[in-house]
Amino acid sequence: MSVSDLVSALNGVIWSPALIYLCLGVGLYFSLRTRFMQVRGLGQMIQLMFHNKSSAAGVSSFQALAMSLSGRVGTGNIAGVATAITFGGPGAVFWMWMVAFLGASTAYVESTLAQIYKEKDDNGQYRGGPAYYIEKCMGQKWYAWIFAVSTVIATGLLLPGVQANSIASGLANAWGVDTAVSAAVMVLLLGFIIFGGVKRIAVFAEIVVPFMALAYILVALVIVLLNIGQVPAMIALIFKSAFGLEAGFGAVMGMAVQWGVKRGVYSNEAGQGTGPHPAAAAEVDHPAEQGYVQAFSVYIDTLFVCSATAFMLLSTGMYNVKAPSGEMLFNGLPGIETGAAYTQAAVETMLPGFGASFVAIALFFFAFTTIVAYYYMAETNIAYINRKVHRPWLSFVLKLAIMAAVTYGSVKSAGLAWDLGDVGVGLMAWLNIVAILIIQKPALLALKDYERQKKAKLKPRFDPESLGIRDAAFWVERLKDDKAGQRK
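Remember, it's a predicted structure, so these values are computed and weren't measured experimentally.

Brief notes about the overall build of the protein
Helix and strand content of the protein: 21 helices and 4 strands. For the protein, the C-alpha radius of gyration of 22 Å lies close to 23 Å, the compact-globule estimate for 488 residues. Based on the C-alpha atoms only, the size of the protein along its principal axes is roughly 70 × 45 × 40 Å. Relative to its full complement of 488 residues, the protein shows a buried share of 61%. If you take every contact in the protein between residues at least 6 apart in sequence, the share linking residues at least 24 apart comes to 82%. Of the accessible surface of the protein, which amounts to about 18200 Å², a share of 66% is contributed by carbon and sulfur atoms. Computed over 35 positive and 28 negative side-chain charges, the inter-centroid distance for the protein is 9 Å.

In structure tokens, the structure reads:
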């Protein structure tokens, strides 16, 4: 059995229907438990997003959002959407929306838990994430270590290759750039940023992410407006295909759910356990604040950026749909491998001479910022491991490993890169979703506490002990310091 076959078989086990339905089910469950905070709290999300208070230990809410979005908005928003439509039909787009809507509540829970159980590392920087809240809230250090090691492998070795592969393919398609040249440029830029520490990563994300997302959405709007007559039929096609009502795509109805959820989770990362890492780095007055902000980041990723890609492909007809049997149900781009090339063709159709280059540039920024975010997530879990083993050189090894992964991913086949990435995402999702289902209570208590204080027109302050939340040492100490400062 070849490496590719082995990875594909492992992928099939991890991404069984059980995980598909678990992601949807958990999103629905948390939506009910939070009383659909992703709808009720929309105003709070937007307001808190611009809560720009940073400190020596932490970044601002907006910087944390940008760091989180740099992880969420990547090749999944361009190449991933094309893949979902190819194997799941236009109906996959609906299920991507559904997993984003429900997943926003999941993102709230995991990000708020990360804030509650964060701590300062040896360099005085905030650190937190699933490994931290699993250890402190569940009390299961072995489980926390499994997550930490899995995340280092997934975000440090497996996932960067997917992003690098998409960048290299996009540049080769647009300008004929050799993949080895693309790899060299990426490695040099990546080294400059990751050797600069967390603050440099935050500043980089804060500048690049909003600009690239807005530019991409604006171009998508231009494409859709140029095809405005196709929009009603396109929306109808998405909804009909999602429920098997479109005869032409009946053969892929079941695949629409599977690929929509799979690519939705890959793109917006709700429940995957990656978002909590940058969420914990934010300087906030109450853990729920960053929970709200991270919930909104799921909307930005899927409802805005993924939808932009989907609308460009569907309105121009620049996509293929392939049945599980191998039969082509729709062949808008004969002979073109699924991925970023679909989006390049869609833009090129309406804006000749612009499409391939624009998508290549967008893909470079989307995917490169995601690689930087992956490094930060892996580094945070190295910091968790170092609390016990105290091996400072592990961070240096991680830097070399992620640069090697970028080089390898740039020159290998897209199929293998995506399968490796899916293994990493699926493994983290299983571990994290099980954990947050078990330890959800503190996040729900924090939401009620925050809403109560806002209703009473108080400046929210977090007192974990009064809520019965244990082992939130950072917040206990902060409250003591605040009270001592008031007495002075």
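Points about the side chain of T316
Considering the arrangement of structural elements, one finds T316 in helix α15 (residues 287–316). A polar atom in the side chain of T316 sits 3.3 Å from the backbone oxygen of L313. Apart from the residues within four sequence positions on either side, T316 is in contact with I223, N227, A346 and M350.

Side note on the pattern of salt bridges
The tally for this structure, following the rule as stated, stands at 10 salt bridges. In this structure, D121 engages R127 in a salt bridge whose closest nitrogen and oxygen atoms are separated by 3.0 Å. The pair D121 / R127 is uniform in exposure class, with both members buried. For the salt bridge of E283 with R478, the shortest nitrogen-to-oxygen distance reads 2.2 Å. Separated by 195 residues along the polypeptide, E283 in the loop between α14 (276–280) and α15 and R478 in helix α21 (residues 473–487) bring together distant segments of the chain. An identical accessibility class is assigned to E283 and R478; each is buried. Through salt bridges that share partners, E119, E135, K136 and R387 make up one connected network.

Side note on the packing of α15 against helix α20 (residues 441–455)
Their axes nearest at 9 Å, the elements α15 and α20 cross at an angle of 100°. Of the possible angle classes, the one that applies to α15 and α20 is roughly perpendicular. The residues of α20 that touch α15, namely those facing A288, E289 and Y292, are A446, L447, Y450 and E451. Looking at the contact of α15 with α20 residue by residue, the class counts come to 5 nonpolar, no polar and 2 charged.

Structural notes on the packing of aromatic side chains
Aromatic ring pairs: the centre-centre distance and the angle between the two ring planes describe each pair. As enumerated under the stated definition, the model contains 25 aromatic pairs in all. Members of the aromatic cluster, connected to one another through ring pairs, are F94, W95, W97, F239, F243 and F311. In this structure, K118 packs its charged tip against the face of Y126, placed 3.9 Å from the ring centre. When the ring centre of F195 is taken as reference, the NZ or CZ atom of K399 above it lies at 5.3 Å.

Thoughts on helix α4 (residues 42–49)
Among the residues of α4, Q44, M45, L48 and M49 are the ones counted as buried. Taken down its axis, α4 places every buried residue within 130° of arc, on the same side.

What about the nonpolar core?
One finds Y108, L190, Y216, Y319 and F368 to be the most contacted residues of the largest nonpolar core, which totals 157 residues. Broken down by element, the residue count for this core peaks at 21 residues, all from helix α17 (residues 355–389). Excluding anything up to four places from it in sequence, F368 contacts I167, M186, L189, L190, I193, F204 and L363.

Details of the state of the cysteines
Going through the model one piece at a time under the given rule, you end up with 0 disulfides. C23 takes part in no disulfide bond, and the closest cysteine sulfur to it belongs to C306, at a distance of 15 Å. When its relative accessible area of 8% is taken as the criterion, C23 is described as buried.

A closer look at unusual backbone geometry
Excluding glycine, residues mostly have negative phi values, and the peptide bonds linking residues are mostly trans. One non-glycine residue, K457, adopts positive backbone phi at about 60°. Here K457 shows up in the loop between α20 and α21. At D471, a residue that is not glycine, the phi angle is positive and equals roughly 65°. Residue position: D471 is located in the loop between α20 and α21.

So, the pairing of strand β4 (residues 328–331)
Where strand β3 (residues 320–322) and β4 come together, 3 bridges link them in antiparallel fashion. What sits directly across from K322, in β4, is M328. Count of turn residues in the β3/β4 antiparallel hairpin: 5 residues, of which G326 carries a positive phi of about 100°.

Considerations on the environment of N11
One can find N11 in helix α1 (residues 3–14). C-alpha separation for the pair N11 and M255, spaced 244 residues apart in sequence, amounts to 16 Å. In this view, N11 contacts K262, D419, D422 and V423; residues no more than four positions away in its chain are not counted.

Some remarks on the packing of helix α12 (residues 231–242) against α15
Two elements in contact, α12 and α15, have axes separated by 10 Å at closest approach and are oriented at 110°. Taken together, α12 and α15 sit at an angle that is classed as roughly perpendicular. Within the contact between the two elements, α12 uses M234, I235 and I238 and α15 uses F311, L314 and S315. Counted by class, the contact of α12 with α15 contains 5 nonpolar, 1 polar and no charged residues.

What counts and how
- Residues numbered from 1 in each chain as written.
- Predicted model: local features only at pLDDT ≥ 70, side-chain atom pairs only at ≥ 80, totals over all residues.
- Heavy atoms only, no water.
- Helix = DSSP H or I, 4+ residues; strand = E, 2+ residues; numbered from the N terminus.
- Rg over C-alpha atoms; globule rule 2.2 N^0.38 Å.
- Buried < 20%, exposed > 50% of the residue type's maximum accessible area, 1.4 Å probe, protein only.
- Contact = heavy atoms within 4.5 Å.
- Areas by Shrake-Rupley, 256 points an atom, 1.4 Å probe, with all protein chains shown as cover.
- Lys, Arg positive; Asp, Glu negative; His and termini not counted.
- Charge placed at Lys NZ, Arg CZ, Asp CG, Glu CD.
- Polar contact = N/O pair within 3.5 Å; in protein donor to acceptor, adjacent residues only side chain to side chain.
- Salt bridge = Lys/Arg side-chain N within 4 Å of Asp/Glu carboxyl O.
- Axes fitted to C-alpha atoms, helices over the stretch in contact; angles between N-to-C directions.
- Parallel < 35°, antiparallel > 145°, perpendicular 65-115°, else oblique.
- Nonpolar A, V, L, I, M, F, W, Y, C, P; charged D, E, K, R; others polar.
- Phe/Tyr/Trp six-rings, centres within 6.5 Å; stacked < 30°, edge-to-face > 60°.
- Lys NZ or Arg CZ within 6 Å of the ring centre and 35° of its normal.
- Arc of directions from axis to C-beta.
- Core = buried A, V, L, I, M, F, W, Y, C linked by side-chain atoms within 4.5 Å.
- Disulfide = S-S within 2.5 Å.
- Pairing = 2+ DSSP bridges.

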